[in-house]
Amino acid sequence: SALSAWNRSIEKESEKEVIDDILKKRSDTFSALGKPYNAGKELEKMNFPRNNPTTIMEKGDFFTQSGDYHLAEEAYLEYLDAFPGNTDASLGLANAQINLGKYQKGKKILDSIPESSLNPKQMDLYTKTKMNIPEQSEKLPDLTFLFRNHVLYLFIIIGIVGIVFFRKKIFK
């Protein structure tokens, strides 16, 4: 298959720009096959994605399509780091954050985008993303810090093991 041939080409090739071209073609192929996650993963393997900012944006779009909003958020943040204020990347980031439950962050980004500057495609995403924000989002605490702290995972595991081990004494 073409993917196998490209794998062999990558193994034999030493020039990084050529490898990046092959990875981009593989990404385009996965995209055409309806596999956006695989397409995004191919773009992640590239050596010089910053030289071609569209690959960073495509990566975010592919991960959004596949529902991997953590990787999409990373890609959009990387793009915005290089090109601050880009409307498409800002909308993508807001969409990813809202789908991750980071409602305040996503809403803040959406509020910073003037609606009058949006083209029809952007306005559609803007409207859909705004509709995904629950009405109670201002009252919901941002609990994402719980999932970033590995020490909390350790305490949770120790607690569960303790409950299982001492269940007879606890639940008499």
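Refer to the structure presented above.
Residues numbered from 1 in each chain as written. Predicted model: local features only at pLDDT ≥ 70, side-chain atom pairs only at ≥ 80, totals over all residues. Heavy atoms only, no water.

Colleague: So what's going on with the overall build of the chain? Residues and values would help.
Modeller: Along its length, the chain carries 11 helices and 0 strands. The helix and strand sequence of the chain, counted from the amino end, reads α-α-α-α-α-α-α-α-α-α-α. Taking all 172 residues of the chain together, the buried fraction comes to 31%. Counted over contacts in the chain with a minimum sequence separation of 6, partners at least 24 positions apart contribute 43%. Summed over all atoms, the accessible surface of the chain reaches about 11,200 Å², with 58% contributed by carbon and sulfur. (Helix = DSSP H or I, 4+ residues; strand = E, 2+ residues; numbered from the N terminus. Buried < 20%, exposed > 50% of the residue type's maximum accessible area, 1.4 Å probe, protein only. Contact = heavy atoms within 4.5 Å. Areas by Shrake-Rupley, 256 points an atom, 1.4 Å probe, with all protein chains shown as cover.)

Colleague: Before we move on, could you go through the side chain of Q122 and cite the residues and values that matter?
Modeller: Secondary-structure assignment places Q122 in helix α8 (residues 120-131). Accessibility expressed as a relative area gives 10% for Q122, which makes it buried. The contact partners of Q122, leaving out residues within four places of it in the chain, are T87, D88, L91 and S117.

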